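# Coordinate inspection notes
Here is what each chain is made of, one letter per residue.
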Amino acid sequence: MTFLVAMLQVTSAQPNSGGLEAAVANLDNAKTAKDYEILSQDFLKLTTTDSNNWLTWYYAAFCNAQTGWLYQRDGEKIEPFAITAEEQINKALSLIDTGRQKKELSEIYCIMAMANQDKVFINPQTYGAKFGPTAFRYIQMAQAANPQNPRVLYLAGWQKFATPKIWGGNKTKAKELLVQACQLLEQETDANTAPHWGKTEVGDLLKQMK
């Protein structure tokens, strides 16, 4: 069964659900850039009915940022997703208490890191020096807010893996971070609508290291 067929079945079976929980359940099955593009619109619709919930904006931003990552070999497609992700995640940031909600802040900084990395993917030679350090800074800020956030560890591990050794890359350290992320992700058993993505991304990257 394809993702889109499964999503249509969920929608038809629960015509009045249309809420955040149903959208996140669909997100758990997303695989392709097109899947995330479709879901970004679903979450965007939720922001009109639940506009003060940071999670609706967070997930809309995540879908756009993730679309950019999945298009990283086709830089011409990325810019609108990066821009939209940045706008939406800033809206999510405005809806939390940054002094008290450190876990939420960490999740938001992860998406900010992804959105800036999207800009690097557009043209690494042109934009790498400008947006690469910004992406790295957001990863550091996310780690400071919540060192046990597995999505932070995934992004930190990805960066160590993707960065050339001469510029600080370290595949051994990358694997350590990814294994730690994997362990923490396994502990997220009852996440419901809370951010819990990352298992697929971590698993795919670990496979590349074998």
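As the structure is a prediction and not an experimental result, all values here were calculated from the model. (Residues numbered from 1 in each chain as written. Predicted model: local features only at pLDDT ≥ 70, side-chain atom pairs only at ≥ 80, totals over all residues. Heavy atoms only, no water.)

## Digging into the overall build of the protein chain
Rules: The helix and strand labels rest on DSSP assignments: H or I over at least four residues marks a helix, E over at least two residues marks a strand, and numbering proceeds from the N terminus. Each radius of gyration reported is based on C-alpha atoms, and the globular scaling rule is 2.2 Å times the count of residues to the power 0.38. We call a residue buried when its accessible area falls under 20% of the maximum for its residue type, exposed when it is over 50%, and partly exposed in between, using a 1.4 Å probe and counting protein chains only. By the convention used here, residues are in contact when the closest approach between their heavy atoms is within 4.5 Å. Using the Shrake-Rupley algorithm and a 1.4 Å probe, accessible areas are obtained, with residue cover drawn only from the displayed protein chains. Counted as positive: Lys and Arg. Counted as negative: Asp and Glu, with His and the chain ends omitted from the count. Taken as the charge location is NZ of Lys, CZ of Arg, CG of Asp or CD of Glu.
In terms of regular secondary structure, the protein chain is built from ten helices and zero strands. Reading the helices (α) and strands (β) of the protein chain from amino to carboxyl end gives α-α-α-α-α-α-α-α-α-α. Its C-alpha atoms give the protein chain a radius of gyration of 17 Å, near enough to 17 Å, the size a compact globule of 210 residues would have. Expressed as lengths along the three principal axes of its C-alpha atoms, the size of the protein chain is roughly 55 × 40 × 30 Å. Here the protein chain, with 210 residues, has 48% of them falling under the buried criterion. Considering only residue pairs separated by 6 or more positions, the protein chain has 64% of its internal contacts joining residues 24 or more positions apart. Accessible surface computed for the protein chain: about 11,100 Å², of which carbon and sulfur atoms make up 52%. Distance from the positive charge centre (21 side chains) to the negative charge centre (21 side chains) of the protein chain: 8 Å.

## Focus on the packing of aromatic side chains
Heads up, the condition is: Put simply, two rings from Phe, Tyr or Trp (the six-membered ring, in Trp's case) pair if the centres are within 6.5 Å, and we call them stacked under 30 degrees between planes, edge-to-face over 60, tilted for the rest.
Applying the stated criterion across every chain yields a total of 13 aromatic pairs. Ring geometry for Trp 54 versus Tyr 58: centroids 5.4 Å apart, planes at 65 degrees, classification edge-to-face. Here Trp 54 and its partner Tyr 58 are both found in helix α4 (residues 54-70), four residues apart, which amounts to about one turn of the helix. Given a relative accessible area of 0%, Tyr 58 falls into the buried group. With a centroid separation of 5.1 Å and 80 degrees between ring planes, the pair formed by Tyr 58 and Tyr 59 is classed as edge-to-face. Pair check on accessibility: Tyr 58 and Tyr 59 agree, each one buried.

## Brief notes about the nonpolar core
Counted only if it meets this: The set of buried Ala, Val, Leu, Ile, Met, Phe, Trp, Tyr and Cys residues whose side-chain atoms join them within 4.5 Å is what this entry labels a nonpolar core.
Counting residues in hydrophobic clusters, the biggest one holds 61 residues, and the most contacted among them are Leu 27, Phe 43, Tyr 58, Ile 111 and Tyr 154. A total of eleven residues in this core trace back to one element, the largest contributor, which is α4. If sequence neighbours within four positions are ignored, Phe 43 has contacts with Leu 20, Ala 23, Val 24, Leu 27, Thr 56, Tyr 59, Ala 60 and Cys 63.

## Here's the deal with the environment of Tyr 36
Tracing the sequence through the fold places Tyr 36 in helix α3 (residues 33-49). Residue class for Tyr 36 comes out buried when judged on its relative accessible area of 6%. Tyr 36 sits 29 residues away from Ala 65 along the chain, and the two C-alpha atoms are 9.1 Å apart. Setting aside its immediate chain neighbours within four residues, Tyr 36 contacts Leu 27, Ala 30, Lys 31, Phe 62, Cys 63, Gln 66, Thr 67, Leu 70 and Glu 201.

## Details of the pattern of salt bridges
Just so we agree on the cut-off: By salt bridge we mean one thing: a side-chain nitrogen of Lys or Arg within 4 Å of a carboxyl oxygen of Asp or Glu.
Under the definition given, this model contains seven salt bridges. A salt bridge links Arg 151 to Glu 188, with the nearest nitrogen and oxygen atoms 2.8 Å apart. Within this pair, whereas Arg 151 is found in helix α8 (residues 150-162), its partner Glu 188 is found in the loop between α9 (171-186) and α10 (199-208), the two being separated by 37 residues in sequence. Under the relative-accessibility criterion, Arg 151 is labelled buried at 2%.

## Quick word on the environment of Ala 25
If you trace the backbone, Ala 25 turns up in helix α2 (residues 20-27). Accessibility expressed as a relative area gives 39% for Ala 25, which makes it partly exposed. With 168 residues separating them along the chain, Ala 25 and Thr 193 place their C-alpha atoms 8.3 Å apart.

## Some details on α3
Let me state the cut-off plainly: In this analysis, the expected span of each helix is defined as 1.5 Å times one less than the number of residues it contains.
Helix length check: α3, at 17 residues, gives a terminal C-alpha distance of 25 Å against a target of 24 Å (1.5 Å per residue), a fit within 8%. All of the buried residues in α3 are Ala 33, Asp 35, Tyr 36, Glu 37, Leu 39, Ser 40, Phe 43, Leu 46 and Thr 47.

## Focus: the packing of α2 against α3
Rules: Only the contacting stretch of a helix is used when fitting its axis, a line to C-alpha atoms as for every element, and angles between N-to-C directions run 0 to 180 degrees. Any angle that is under 35 degrees is reported as roughly parallel, and any over 145 degrees as roughly antiparallel; angles of 65 to 115 degrees are reported as roughly perpendicular and all others as oblique. Just so you know the grouping, Ala, Val, Leu, Ile, Met, Phe, Trp, Tyr, Cys and Pro go in nonpolar, Asp, Glu, Lys and Arg go in charged, and all remaining residues, Gly too, go in polar.
Taken N-terminus to C-terminus, the directions of α2 and α3 make an angle of 170 degrees; their axes are 10 Å apart at the nearest point. It follows from the interaxial angle that α2 and α3 lie roughly antiparallel. Listed contacts from α3 to Leu 20, Ala 23, Val 24, Asn 26 and Leu 27 of α2 are Tyr 36, Leu 39, Phe 43 and Leu 46. Counted by class, the contact of α2 with α3 contains eight nonpolar, one polar and no charged residues.

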